[in-house]
Amino acid sequence: MIYKLKMGSDTICYIKSDLKNKFSYFKFEKDTVFQRNKADKNNNLVFILHGEMEVIYGDLYPRLISDGNMILLTPLSRCVCKAVSTVELIILGFGTLNHSCDKYIRELEIRESLDRFLQLMQNYEQNQVPMADLASRKIQELFIILHAYYTSDELAMLFYPLLGKNMEFKKLVVDYYLHVKSAGEFAELCGYSQGVFQKKFKDVFGETVYQARFARIRVASLGNFEHT
């Protein structure tokens, strides 16, 4: 999951690019510098379970993120992280919706129900519970929790790098994704013909409605989208 590169007196830990559609647990000791592998094309939803870390973008002043919060790092977010204290993380990697690059981290608190879910995921990881068959269902459960315990505005703030354009359309997706069983029904609820809806979905999300179905997880747009 991690490989290390020695640069002078410093060691930088790179998180390998095998996180797509899965949860992974990481622990970094104080002063460890770590970052995502540059080949990683996934979005990373990072949950800080314990400790504090700095997120550094180039020459910008470091942003301190404490435990009990979550942030989103996109594929082009070329930041470096440093453990201010021993830090424990759960990272969910999921497929790219677009190629946004946003340097302004928006953190969101981890609320009680989400914290219980993350504790369970940490236990699975630490006890090496096989997750191959369970992962997609737990990812779906995560987004149900987010939808239930966070407002659309809060989720839009967290996922802003992926929602940079067509916010009104994205909000319709957020509002209806749990209530549809087909692309045709989804289009009707959003007020579009099926052809226009499919084109707009592809323009905004970078993939078709049907590709999103097989990915199993998209920012506030998960669900089973079936061809009609």
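Everything that follows concerns the structure shown earlier in this document.
Now for a quick tour of the structure. (Residues numbered from 1 in each chain as written. Predicted model: local features only at pLDDT ≥ 70, side-chain atom pairs only at ≥ 80, totals over all residues. Heavy atoms only, no water.)

Okay, helix 6 (residues 194-205) next. With twelve residues, helix 6 ought to run about 16 Å at 1.5 Å a step, and its terminal C-alpha atoms sit 16 Å apart, in line with that. When we look at burial in helix 6, the residues that qualify are F197, F201, V204 and F205. Down the axis, helix 6 shows its buried residues gathered within 75 degrees of arc, on one side only. At the C-terminal side of helix 6, G206 shows a positive phi close to 80 degrees. (Helix = DSSP H or I, 4+ residues; strand = E, 2+ residues; numbered from the N terminus. Expected span 1.5 Å × (residues − 1). Buried < 20%, exposed > 50% of the residue type's maximum accessible area, 1.4 Å probe, protein only. Arc of directions from axis to C-beta.)

A word on the sheet that holds strand 5 (residues 43-50). Across the sheet, which stays open at both edges, the five strands sit in the order 3-10-5-8-11 with antiparallel pairing between neighbours. What marks the edges here is a single partner per strand, and that holds for strand 3 (22-28) and strand 11 (108-109). When strand 8 (residues 69-73) meets strand 11, the two strands line up antiparallel, connected through two bridges. Residue M70 lies in a different strand from strand 11, and its bridge partner there is L108. Helix 2 (residues 135-149) contacts strand 3, strand 5, strand 8 and strand 10 (87-94) of the sheet and is inclined by roughly 80 degrees relative to strand 3. (Pairing = 2+ DSSP bridges. Contact = heavy atoms within 4.5 Å. Axes fitted to C-alpha atoms, helices over the stretch in contact; angles between N-to-C directions.)

This part covers the pattern of salt bridges. Summed over all chains, the structure comprises five salt bridges. Between E107 and R63 there is a salt bridge, with the nearest N and O atoms lying 3.1 Å from each other. A residue pair is termed long-range when its members are at least 10 positions apart, and E107 in the loop between strand 10 and strand 11 and R63 in strand 7 (residues 63-66) qualify at 44 residues. Classification of E107 by relative accessible area gives partly exposed; the value is 23%. Within the structure, one salt-bridge network assembled from shared partners comprises E109, R111 and E154. (Salt bridge = Lys/Arg side-chain N within 4 Å of Asp/Glu carboxyl O.)

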